[in-house]
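In case you want the letters, here they are:
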Amino acid sequence: MPLAIVYSRAGQGISAPLVTVEVHLSNGLPSLSIVGLPATAVRESRERVRSAILNAHFDFPVRRITINLAPADLPKEGGRFDLAIAIGILAASGQVPTTGLGTWELLGELALSGALRSVPGTLPAALRCGHAERQLIVPSGNDTEAALADQTAVFAATDLAAVCRHLHGTQTLPRATPPVLPQTASEGLPDLVDVRGQAQARRALEIAASGGHNLLLVGPPGTGKTMLATRMPSLLPALSREQALEVAALRSVAGEPMDPSRWYQPPFRTPHHTASAVALIGGGSSPRPGEVSLSHRGVLFLDELPEFPRRALEVLREPLESGTVSIVRAKQRCSFPARFQLVAAMNPCPCGYSGDAERSCRCASAQLQRYQQRISGPLLDRIDLQVAVPRISPERMIGSEGRGEASSAVAARVAAARSHQLVRGTTNAELSPTALEQYCSLGNAEQHCLRRAAERLRLSSRACHRVLRVARSIADLANDDRVRKHHLQEALSYRMDIAEHSSPI
Ligand SMILES: [Zn+2]
């Protein structure tokens, strides 16, 4: 029959919509045309497919070949349809059986030699393929991540000829097996026991971990801001299976290799301050997730916060508020989840020593002001806990005096505090204004305290809500079902005014 239908999947955000590849052979001048909104890389697939078919020792039909990628209004990107197109041509020309072809979905880019190259986004495709009750063939480079969708039968192929033998039933492809996943999440993570002193910053880290709040660490160079930040993952609860799959799907779409040993660990991303807005937020001609999405369900750590381009920082405001990022391109709009916890670190001034007891600051006041203005008020507003990380005395550095608790002890308290939040259905950082009224209702003394602080610190109503959420986490850590005045006061103490802190003492 001169018509064949093969199934494949496109990439759109982290969904993977079905694409039906229809191949029709007709009489007329030999030609090959692809219709159905193909991008340049898809149009170029005819050259790859032609060479791959010939190099796999099949005949390339000398007919008029029309390939339709349906649905027509869905943009098609990349080389992921190559394998489906090649199999469609071989099936339509009678070189591969058409019976049973409908039970398969095919993904993979072809090299001219007929070898299969890995493509991004195979995990979301494998998940959806399983729901559709079909079986999936992927390039062998993608087998581990595709096999994570353990409800789907996934087969891995190295080249076009092997796929054809499999469809003929002469030689079965190897079934992709899911990787061995670790039992615990915290294995191999940096431990809080390495951090000396810094009681206030440690406390802020614990509160931030409990409620999923954003945290800013301010202090001179070398006081351990980065060390503290990198300990955050060891305090966070392990991801659930659904969350881990979501995180893996985002990595898969970004084309990042999957590390099964960190399966249950919340992501911890540390983009450099030279990162562009697109690298941070996502984008590109075929939209890829950025750092905000790759840190979904985990931590985005921005060291040297004021060194980031202001535009890059401003685009963080949308995901910080909504937990998603929308990327609009000429032909499509897609969105990626981006519910991350922001941890940032900065020096108090350009030279780094403003407010330091031992070294004096050399910055002019105009310089200082410019430095602080790089971080806008609205962004600072969204950082719930702002805490100083001062220099500590050499005695505490060396002796056993400054030694603090290990991560496991703190993580146990964080887990207990989270268990209260799970009953309410969400972490404190994500409590809606209605839920806030319900779970953080204040007595008269507390209301008065908050009102006075809001006036004194000139807090916006958004900042007040954030203070309440932090106070709720402090109360959860204390196993108290009510938010009391001292919880509120502690939450307010982390609304440090950076300008105030960094003015020379
Ligand atoms: Zn300075």
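Calculation notes
Residues numbered from 1 in each chain as written. Predicted model: local features only at pLDDT ≥ 70, side-chain atom pairs only at ≥ 80, totals over all residues. Heavy atoms only, no water. Donors = N, O, S within 2.8 Å, 3.2 Å for Na, K, Ca; no water. Tetrahedral: all angles 85-135°; square planar, octahedral: opposite > 155°, others 65-115°. Helix = DSSP H or I, 4+ residues; strand = E, 2+ residues; numbered from the N terminus. Buried < 20%, exposed > 50% of the residue type's maximum accessible area, 1.4 Å probe, protein only. Contact = heavy atoms within 4.5 Å. Domains from an automatic or database assignment. Buried area = accessible area lost by both parts, 1.4 Å probe. Salt bridge = Lys/Arg side-chain N within 4 Å of Asp/Glu carboxyl O. Polar contact = N/O pair within 3.5 Å; in protein donor to acceptor, adjacent residues only side chain to side chain. Expected span 1.5 Å × (residues − 1). Arc of directions from axis to C-beta. pLDDT = per-residue confidence, 0-100. Phe/Tyr/Trp six-rings, centres within 6.5 Å; stacked < 30°, edge-to-face > 60°. Lys NZ or Arg CZ within 6 Å of the ring centre and 35° of its normal.

(A) How the structure looks around the coordination of the zinc ion. Protein-derived coordination of the zinc ion comes from Cys349 (SG), Cys351 (SG), Cys361 (SG) and Cys363 (SG), at a distance range of 2.1 to 2.5 Å. Every donor counted, the 4 donor atoms about the zinc ion form angles of 104 to 114° at the centre, which fits tetrahedral coordination. Counting along the primary sequence, the residues that act as donors to the zinc ion give the motif C-x1-C-x9-C-x1-C. Placement of the pair is cysteine 349 in the loop between strand E17 (341-346) and helix H14 (365-373) and cysteine 361 in the loop between E17 and H14, with a sequence separation of 12 residues. Judged by relative accessible area, cysteine 361 falls into the partly exposed class, the value being 25%.

(B) Structural detail: helix H4 (residues 122-131). Among the 10 residues of H4, 7 are classified as buried, and the element is accordingly described as predominantly covered. Restricting attention to buried positions, one finds in H4 the residues Thr122, Leu123, Pro124, Ala125, Ala126, Cys129 and Gly130. Buried residues along H4 sit in contact with strand E1 (3-9), strand E5 (104-106), strand E8 (135-139), helix H5 (143-147) and helix H9 (241-254). Positive phi shows up at glutamate 133, right after H4, with a value of about 60°.

(C) Fine view of the domain arrangement of the protein chain. Splitting the protein chain by domain gives domain 1 (3-168) and domain 2 (192-502). One C-alpha centre belongs to domain 1, the other to domain 2, and the line joining them spans 44 Å. Opposite the 14 residues of domain 1 that make contact, domain 2 presents 19 residues. Counting each side, the surface lost to burial between domain 1 and domain 2 is near 1400 Å², with a carbon and sulfur contribution of 68%. When the buried surface of domain 1 facing domain 2 is broken down by residue, Gly13, Ile14 and Leu148 rank first, second and third, together holding 35% of it. Joining domain 1 to domain 2, the criterion identifies 1 salt bridge. The residue arginine 241 makes a salt bridge to aspartate 150 at a minimum N-O spacing of 3.6 Å. Here domain 1 is connected to domain 2 by 4 residue pairs in polar contact (both at pLDDT 80 or more). Counting residues per element, the side of domain 1 that touches domain 2 draws most heavily on H4, which supplies 4 residues.

(D) Focus on helix H17 (residues 407-424). Between its first and last C-alpha, H17 extends 26 Å over 18 residues, near the 26 Å set by a 1.5 Å rise per residue. Here H17 has its buried residues at Ser407, Val410, Ala411, Val414, Ala417, Arg418, Gln421 and Arg424. The buried side chains of H17 occupy one side of the element, clustering within an arc of 130° when seen end-on. In H17, the exposed positions that point more than 90 degrees away from the buried face belong to Ser408 and Val423. Check the buried side of H17 and you find it contacts helix H7 (199-211), helix H18 (433-439) and helix H20 (461-477). In the stretch just after H17, glycine 425 is the one whose phi turns positive, near 95°.

(E) Fine view of the confidence of the model for the protein chain. On average, residues of the protein chain carry a pLDDT of 90, and 95% of them reach 70 or more. Looking over the protein chain, one finds the lowest element-wise mean pLDDT in helix H22 (residues 498-502), namely 47, and the highest in strand E14 (residues 299-302), namely 97. Scored below 50 in pLDDT, residues 501-505 shows 11 contacts in the model against residues more than four places distant or in partner chains.

(F) Broad picture of the packing of aromatic side chains. Per the stated rule, a full pass over the model turns up 3 aromatic pairs. Each ring, one from phenylalanine 268 and one from phenylalanine 301, has its centre 6.0 Å from the other, and the planes form 20°; the classification is stacked. Placement of phenylalanine 268 in strand E11 (residues 268-269) and of phenylalanine 301 in strand E14 is noted, with a sequence separation of 33 residues between them. Just above the ring of tyrosine 7 sits the side chain of arginine 134; from NZ or CZ to the centre is 4.1 Å. Sitting over the ring of tyrosine 439, arginine 424 keeps its end group 5.6 Å from the ring centre.

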